[in-house]
Each structure stands twice: as structure tokens, then as C-alpha cells.
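# Close look at the chain arrangement
Spelled out from the first residue to the last, the chains are:
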Amino acid sequence: MIVSDLIESGTEWIGMIQREWRSTKIKGSCYVIPSNVDKKTEDNEQPVKLCNYVDVYYNDFIKQDINFMEATANENEVIKFQLEESDVIITKDSEDPFDIAVPAIVKDKIENLLCGYHLAILRNYKNRLYGAFIFWCFKDLSIASQFHREATGITRWAISRRHIKNGILPLPPLPEQKLISAYLDRTTATIDKAVAVKRKQLENLEELKKSIIYKAVTKGLDDSVEMKDSGIEWIGKIPKGWKVKRIKDNFKLQSGENLTSEQIQNEGSFPVLGGNGLRGYFPEYNNDGEYLLIGRQGALCGNINYISGKFWATEHAIVCYPIRRYAIRWLEALLIIMNLNQYSNAAAQPGISVDTIKRLYIPVPGYKEQLNIAAYLDQKTSEIDTVLEKITLQIEKLEEYKKSLIHECVTGKRRITEADVQEAVYA
């Protein structure tokens, strides 16, 4: 890395740049071509492939092996919106303003591939901005944020062609753009590979955690005990001394009481628990003790939350009140492994009824064994959770390093040489 003088770029979100760099408006270096090709089929149109929002959002690099949307287009649209190799495409409208200006670069020449209607093409003009460098500029949050701020809308956000054209990018000499792009291609690929390995570790640990919980709550802790058929298909055999009961024979299930969003406060005396956990606070409570709450509505209905003390349960939460003495942490593990979400309805607003849960059968060991299972799982899952937290932190640090590396390179804070690019090959 070469250290050289930095000067003010004159653009707040770019900051300092190299002395021989400058800031430029996109319209002076790129063609900006917002697409209006949609999925509609009309007469005299020909079959085409569309690169759409999903392709861009989930794929940095548009290549032959991506599954594109099938559509039709007229002759003028085919000519105007045909994607070329090294084109950069960005999202120009979305339900979230922070999903505006998400980039992808076309890596391959793909016949009959058009830019879809949620996107705009940025194409090199007079060989001033290298396609891959444009892509990496839009991957920098400080540069992309200028487009987030310009986005307008209510339920859907969008930026106009004018806003894109007036966006500002750093402009190093073309040979340096190519060096920066090659360096970032290689170094970020190494980072992404490391992140993928760690995400796989998380996945494996989560599976291990589930298997430990499943075995403990369905088979117990003593592998030598005699087993019997439970009569429950997903469980199979259980220890001979265990019983099989319906949930309603062991627990009273009752939904909480409604509070309006205006009544729920950011701070207060008692937590308010809904279907997905903490919603805020309220000066009164309707429960006092140690309970489990089951989410009743929404995509996450059936999820389990443990709570103790004084709290307010809303109508979106089902409170489990034990009829007899039970180890609450044992029940928590059992209900989690039962995946109650599978019993939700398929309506636009998913939900799970109290009656449905009441009728489910569960394996029930004696109280002392419940306590032993709960203590065992607390130890084992805590050990796994500690490792999960460490790996998650490692992933966050890698992602933060990647963000800072992109920013430093595309704004000239880190000077890239041919030697840096060559060394990155072996990273």
C-alpha cells in the first residue's frame, strides 16, 4: 500500500480522496437507463429473460447459471434494455429505502437478457468509469446512502433517473479503478469464503443443539432404561415409566388481554409480551410468576418465550398455566422441539388456535426427571450457545472488515498497487 497525500473531495459522504482523484456526477461518466420492461405479455413480442430485483439483491454477479424470470418484450425494449457484459444494474425501487441502489455487475455476455422493471442500468460512458469499480462504489454504504436519502414513497420507495444521474462517485484514473476492482474481487471473495465456513459451523451447531434437546425430552437421559411405544408418530419410543398426555390435561392455555399500540410505552414498570416477545412497557400487569408464552399470530406464531415476574401478556400471546407441578424449563425445551408453527393456518395472517395446541399429545416424565432434564439441557445448550456467540461475533467482525475495506479502497484511503493485487491472489 502506497501512502500519499489526501485532499478534501468536496463531497461529505466520500470524504478525503487521493490528490489525483476527483468527484464526479454519474451522468458525466455513465449512461443511466432505467428499465420499464415488465412481465406482461402482448402481441408481437418475443420471449426474453429478465434480470429482476431478486437477481440483484441475492447475486452480486449476474452470470449464466442464474435462473432469470421469463417474460416477453417488444423490439424497441430488446434493443434498449439488453444487458451487456460489465454493465452495472442497481435497484431503483423497493419496499425498503435501504434496498435502493443495491448493485450487481453482469459478468457474462448473456443473449436475450434484459434489465427488469425494478432496476436501472449504469453503462460506462467514454471509458471513464470501469464497470467493476462502479459496482464496488455502490457496495460502499457511505456512497449508496446518498440514494437512500433521495428515495421517496409511502408503501414503496423509488429514486428517479435524475437522482441517479446526479449521484456522485469518486473518480480515480482508469488503471487505478481496475487495480482496486481486482483487489476487492479477490480479498472480498476470501472474506466471503471464511464467512461461509463459519455460517456452516453455526448451522451444524444449531442442528447438534436440536438433536440434544430432542433426545433429552423424548428419550430421557438414561440410555439403559426399558422403552415402550409412545403412540406419537414423531416421537416413537419413550421410557417405560413416562406417560403420554394431552397438553390440556397438564396446562391451562389462555390468550392475554388487548392493549393498543398507543398504550404501550418505550419505558415503564412492567414488560408487555406479545406473540414475538417484548413489545414495550405498561404501568399495570396481568400475570405474576414463571410462565411460558406461545406466539398466537403472525409468521412466527408457535414460537416460545420464557418469562418470570410481573408482566402484561397481550392477546397475541398464549400463556401456559400449569395445572400440576411441572419444571417450566423442561416444558420450554419440549415445546420448542415440537415446532408448533407447523400447526398454524395458511391464511394471509398466519395464526395458531388454543384448541389446536390443547389437543396435542406430549411425553411426560416424572417431576424429578423433568428437573434433571432441564438442568442437563441448560448446561449443554449453554456450552453450545457460548460457541455460537463467538462464531457469530467472528462473522460480524469479518463483515465489518469487508465494509471498511471497500470504503477505504473506493475512496482512496487505502492505495492499491499491482503488488497488492498479486498478493491478494494467495490470501
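First things first, this report covers the structure right here in the doc. (Residues numbered from 1 in each chain as written. Predicted model: local features only at pLDDT ≥ 70, side-chain atom pairs only at ≥ 80, totals over all residues. Heavy atoms only, no water.)

## Quick word on the nonpolar core
Residues Leu122, Phe138, Leu184, Val217, Ile247, Trp330 and Leu335 are the most contacted members of the largest nonpolar core, which totals 85 residues. Ranked by residue count, the leading element in this core is helix H6 (residues 174-219), at twelve residues. The contact partners of Leu335, leaving out residues within four places of it in the chain, are Ile247, Leu292, Ile294, Ile304, Cys320 and Leu340. Leu50, Ile62, Ile66 and Phe68 belong to the second-largest nonpolar core, a separate cluster that totals 25 residues. (Core = buried A, V, L, I, M, F, W, Y, C linked by side-chain atoms within 4.5 Å. Buried < 20%, exposed > 50% of the residue type's maximum accessible area, 1.4 Å probe, protein only. Helix = DSSP H or I, 4+ residues; strand = E, 2+ residues; numbered from the N terminus. Contact = heavy atoms within 4.5 Å.)

## A look at helix H9 (residues 367-410)
Over its 44 residues, H9 extends 62 Å from the first C-alpha to the last, a length consistent with the 64 Å expected when each residue adds 1.5 Å. Positive phi shows up at Gly412, right after H9, with a value of about 85°. (Expected span 1.5 Å × (residues − 1).)

## Quick word on the sheet that holds strand E6 (residues 61-62)
If you trace the five strands from one edge of the open sheet to the other, you get E4-E12-E8-E10-E6, paired in mixed fashion. Looking at the sheet topology across the chains shown, the edges are occupied by strand E4 (30-34) and E6. Set on the sheet, helix H3 (residues 131-139) makes contact with E4, E6, strand E8 (88-91), strand E10 (103-106) and strand E12 (119-124); between it and E10 the angle comes to about 165°. (Pairing = 2+ DSSP bridges. Axes fitted to C-alpha atoms, helices over the stretch in contact; angles between N-to-C directions.)

## Topic: helix H4 (residues 141-150)
Taken together, the buried positions of H4 are Ile143, Ala144, Ser145, Gln146, Phe147 and His148. On the buried face of H4, the contacting elements are H3, helix H5 (161-165), strand E15 (168-171) and H9.

## What to know about the packing of helix H7 (residues 328-338) against H9
Remark: H7 packs on H9, axes separated minimally by 8 Å, with the N-to-C direction vectors making an angle of 70°. By the angle between their directions, the pair H7 and H9 is classed as roughly perpendicular. Crossing of H7 over H9 shows left-handed handedness. Two secondary-structure elements touch here, H7 through Arg329, Trp330 and Ala333 and H9 through Gln370, Ile373, Ala374 and Leu377. Considering only residue class, the contact of H7 with H9 consists of five nonpolar, one polar and one charged. (Parallel < 35°, antiparallel > 145°, perpendicular 65-115°, else oblique. Left-handed = near helix turned anticlockwise from the far one by under 90°. Nonpolar A, V, L, I, M, F, W, Y, C, P; charged D, E, K, R; others polar.)

## Points about the packing of aromatic side chains
Throughout the structure, instances matching the rule amount to 13 aromatic pairs. Pairing Phe270 with Tyr285 gives two aromatic rings, centres 4.9 Å apart and planes at 65°, and the pair type is edge-to-face. A residue pair is termed long-range when its members are at least 10 positions apart, and Phe270 in strand E20 (residues 270-274) and Tyr285 in the loop between strand E21 (277-282) and strand E22 (287-295) qualify at 15 residues. We classify Phe270 as buried; its relative accessible area is 18%. (Phe/Tyr/Trp six-rings, centres within 6.5 Å; stacked < 30°, edge-to-face > 60°.)

## Structural notes on unusual backbone geometry
Of note, the phi angle at Asn112 is positive, near 60°, even though the residue is not glycine. With respect to the element layout, Asn112 can be found in the loop between E10 and strand E11 (113-115). In this structure, Asn127 is a non-glycine residue whose phi angle is positive, near 55°. Tracing the backbone through its elements, the reader meets Asn127 in the loop between E12 and H3.

## Quick look at the sheet that holds E22
The strands that make up a sheet pair up through hydrogen bonds in the backbone, lying either parallel or antiparallel. The strand order across the open sheet formed by six strands is E19-E24-E22-E23-E20-E21, and the pairing between neighbours is mixed. Every interior strand has two partners, whereas the edge strands, strand E19 (251-255) and E21, have only one. Direction aside, the axes of adjacent strands within the sheet are offset by 40° on average. Sheet strands touched by H7: E19, E22, strand E23 (304-313) and strand E24 (317-322). Its angle to E22, the strand with the most contacts, is close to 10°.

## Focus: the packing of H6 against H7
One can describe the packing of H6 onto H7 by two numbers: an axis separation of 9 Å at closest approach and a directional angle of 115°. The element H6 and its partner H7 pack so that their crossing is left-handed. Residue-level inspection shows Lys210, Ile213, Tyr214 and Val217 of H6 in contact with H7, the latter providing Trp330, Ala333, Leu334 and Ile337. When the residues that make up the contact of H6 with H7 are grouped by side-chain class, the tally is seven nonpolar, no polar and one charged.

## Brief notes about the pattern of salt bridges
Per the counting criterion, the structure on display carries 20 salt bridges. Of the charged contacts in the structure, one is a salt bridge between Asp192 and Lys402, with a shortest N-O distance of 2.8 Å. Here Lys402 lies in helix H9 and Asp192 lies in helix H6, a separation of 210 residues in the sequence. Classification of Asp192 by relative accessible area gives partly exposed; the value is 33%. (Salt bridge = Lys/Arg side-chain N within 4 Å of Asp/Glu carboxyl O.)

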